[in-house]
Amino acid sequence: MPPSSLTISTPGRICLFGEHQDYLGLPVIAAAISRRISIHGTVRADNMMVLKLPDIGSEVSFTVGGPLKYGEERDYFRSCANILQKHGHHFSRGYDCIVRGNIPINAGTSSSSALVVTWIHFLSHVSDSPVALSREDIAKLAYEAEVLEFSEPGGMMDHYSTALGGLIFLESHPQMKIAVLQAPLGTFVLGNSKESKNTKGMLSRVKAEVSDAAAAARKLFPEFSLHRVTLDQLGEFKKRLNERHFSLLEATVVHRNITQEARKLLQSKSADHKQLGSLLNEHQSRLRDVLRLSTLKIDSMIEAALKAGALGAKINGSGGGGCMFAYAPDNAEQVAEAIKTLGEAMIIAIDRGTQREPREY
């Protein structure tokens with residue numbers, strides 16, 4: 001029997017390592033953060049879903065019970081219902097819902113994916129035959145509803161990291177592989193530049209650039225693979241590739257290697273925090289200079305964080321604006337104050353995944 005009231009909450013995420021890697025099938029390391037979104041719903045007497053979003057002054061409503069037509073681009077509330085119906089769920093009762101959250105919106109912290117994961121999780125409990133889906137299944141359905149349903153260019157990192165929670169290593173090639181990393185990490189500081197960003201545009205640009213570079217390499221070397229090529233082997237290709245293609249491929253392979261090195265580091269329960277910071281800084285240098293993801297303001301926020309004593313800092317998410325973060329396990333308040341001179345700062349920690357709450361969150 002579906003519940004008369006229900007609250008589901010889901011975290012946002014930061015990507016420690018592997019920006020613009022997951023849609024290439026390359027590994028990423030992501031962490032759920034202590035900024036969350038929640039949906040609280042109470043059953044209605046009809047079959048209308050009414051969702052109020054006071055944080056953004058919006059409201060969405062529609063009738064459940066059959067396939068839904070999309071009323072706007074990225075109509076996630078309807079797409080989630082459609083995907084669940086496609087997978088055998090049926091709905092005959094509506095709910096009055098309140099959607100609230102404190103994840104920065106359109107800022108690289110997976111606010112949209114956290115919303116989709118939350119709504120998928122909510123709907124699975126209020127269908128006519130409620131099912132306690134695994135967090136992995138919730139992530140898969142959320143990816144289908146957000147990315148595949150609208151032919152978006154993104155990967156699976158956001159959905160798995162927000163659904164599963166904690167600190168995870170994710171690799172989707174040649175098959176999905178997820179490992180929970182046990183390192184007891186300290187506090188981070190999330191800095192929001194408040195610069196608007198075009199997530200879809202950034203994902204499309206970088207994906208197209210790296211894919212074109214890989215295609216150029218395969219024309220010259222049919223066995224070329226981003227999953228297997230070493231930096232030494234790539235160096236042998238340099239004279240036959242144009243400069244931009246080579247720099248993109250080199251950065252991608254370096255990021256792949258950094259992510260693998262970070263995985264080994266974070267598997268330990270006594271991780272070297274300074275080494276982690278160093279890897280973050282090395283990652284950022286190529287995200288900024290080669291993939292061209294950073295902005296002058298975010299560069300300044302990163303510099304301020306490092307001067308204030310952060311061990312490492314980098315842009316977060318697709319880039320072109322939005323958020324950066326700094327690793328500051330011992331002096332988060334000092335680092336936050338430095339970032340606040342340029343933008344918004346939030347001290348965060350690694351958090352649990354999507355879950356049913358005992359009361360309204």
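Everything numeric here is computed off the predicted structure, so don't read it as measured data. (Residues numbered from 1 in each chain as written. Predicted model: local features only at pLDDT ≥ 70, side-chain atom pairs only at ≥ 80, totals over all residues. Heavy atoms only, no water.)

### What to know about the packing of helix α2 (residues 111-126) against helix α3 (residues 135-148)
Working step 1: Put simply, α2 and α3 touch, their axes get as near as 9 Å, and they point 120° apart. The pairing of α2 with α3 is recorded here as oblique in orientation. Seen along the crossing, α2 lies across α3 with a hand that is right-handed. Residues S112, S113, V116, V117, I120 and H121 of α2 form the contact with α3, whose participating residues are I138, L141, A142, A145 and E146.
Working step 2: In the contact of α2 with α3, the residues fall into seven nonpolar, three polar and one charged. (Axes fitted to C-alpha atoms, helices over the stretch in contact; angles between N-to-C directions. Helix = DSSP H or I, 4+ residues; strand = E, 2+ residues; numbered from the N terminus. Parallel < 35°, antiparallel > 145°, perpendicular 65-115°, else oblique. Left-handed = near helix turned anticlockwise from the far one by under 90°. Contact = heavy atoms within 4.5 Å. Nonpolar A, V, L, I, M, F, W, Y, C, P; charged D, E, K, R; others polar.)

### Quick look at the side chain of S127
Working step 1: Within the secondary structure, S127 sits in the loop between α2 and α3.
Working step 2: Residue S127 is classed as buried on the basis of its relative accessible area, which comes to 0%.
Working step 3: Apart from residues lying up to four places away in sequence, S127 is in contact with P2, H89, H90 and F91. (Buried < 20%, exposed > 50% of the residue type's maximum accessible area, 1.4 Å probe, protein only.)

### Let's talk about helix α5 (residues 199-220)
Working step 1: Counted at 1.5 Å a residue, the expected span for α5 with its 22 residues is 32 Å, and the 32 Å between its end C-alpha atoms agrees.
Working step 2: For α5, every residue scored as buried is listed here: M202, L203, V206, V210, A213, A214, A216 and A217.
Working step 3: Close packing links the buried residues of α5 with α7 (243-266).
Working step 4: Regarding α5, its N-cap is N198, as a side-chain oxygen of that residue lies 2.9 Å from the backbone nitrogen of G201 further along. (Expected span 1.5 Å × (residues − 1). Polar contact = N/O pair within 3.5 Å; in protein donor to acceptor, adjacent residues only side chain to side chain.)

### Here's the deal with the environment of C97
Working step 1: When you line up the elements, C97 lands in strand β5 (residues 95-101).
Working step 2: C97 gets classed as buried once you look at its relative accessible area, which sits at 2%.
Working step 3: Along the primary structure C97 and L51 are separated by 46 residues, whereas in three dimensions their C-alpha atoms are 4.6 Å apart.
Working step 4: When sequence neighbours within four positions are dropped, the list of residues in contact with C97 reads I39, H40, G41, V50, L51, K52, W119 and F122.

### Focus on the environment of I83
Working step 1: With respect to the helices and strands, the residue I83 is situated in helix α1 (residues 76-86).
Working step 2: Along the primary structure I83 and H273 are separated by 190 residues, whereas in three dimensions their C-alpha atoms are 42 Å apart.
Working step 3: Other than its neighbours up to four places away in sequence, I83 contacts L141, E144, A145 and E149.

### A short note on unusual backbone geometry
Working step 1: P174 follows H173 through a cis peptide bond whose omega is 0°.
Working step 2: Of note, P174 is situated in the loop between β6 (167-171) and β7 (177-180).
Working step 3: Although it is not a glycine, S110 sits at a positive phi angle of roughly 65°.
Working step 4: Relative to the helices and strands, S110 is located in the loop between β5 and α2.

### With respect to the sheet that holds strand β10 (residues 323-327)
Working step 1: Strands sit in the order β9-β10-β8-β11 across an open sheet of four strands; the sheet is antiparallel. Looking at which strands have only one partner, the edges of the open sheet turn out to be β9 (312-315) and β11 (344-348). Shown here is a sheet whose adjacent strand axes are inclined to one another by a mean of 20°, direction ignored.
Working step 2: Of the strand pairs in this sheet, strand β8 (residues 188-192) and β11 are connected by five bridges, and their pairing is antiparallel. Looking across to β11, one finds that N192 is bridged to E344.
Working step 3: Each of β9 and β10 is contacted by helix α8 (residues 273-289), which is oriented at about 30° to β9, the strand it contacts most. (Pairing = 2+ DSSP bridges.)

### Observations concerning the layout of surface pockets
Working step 1: Of the voids in this model, the largest pocket is the one considered here, and its volume is about 1100 Å³.
Working step 2: Lining the largest pocket are 45 residues, with Y76, S111, S112, S113 and E146 positioned closest to its centre.
Working step 3: Secondary-structure elements contributing two or more residues to the lining of the largest pocket are β4 (58-63), α1, β5, α2, α3, α4 (157-164) and α5.
Working step 4: Among the elements that take part in the lining of the largest pocket, α2 stands out by supplying four residues, more than any other.
Working step 5: Residue composition of the lining of the largest pocket, grouped by class: 15 nonpolar, 17 polar and 13 charged. (1 Å grid on protein atoms, 1.4 Å probe; cavity = no way out; pocket = protein on both sides within 12 Å on 5 of 7 lines; lining within 4 Å. Points joined across faces, edges and corners; volume = space filled by probe spheres on them.)

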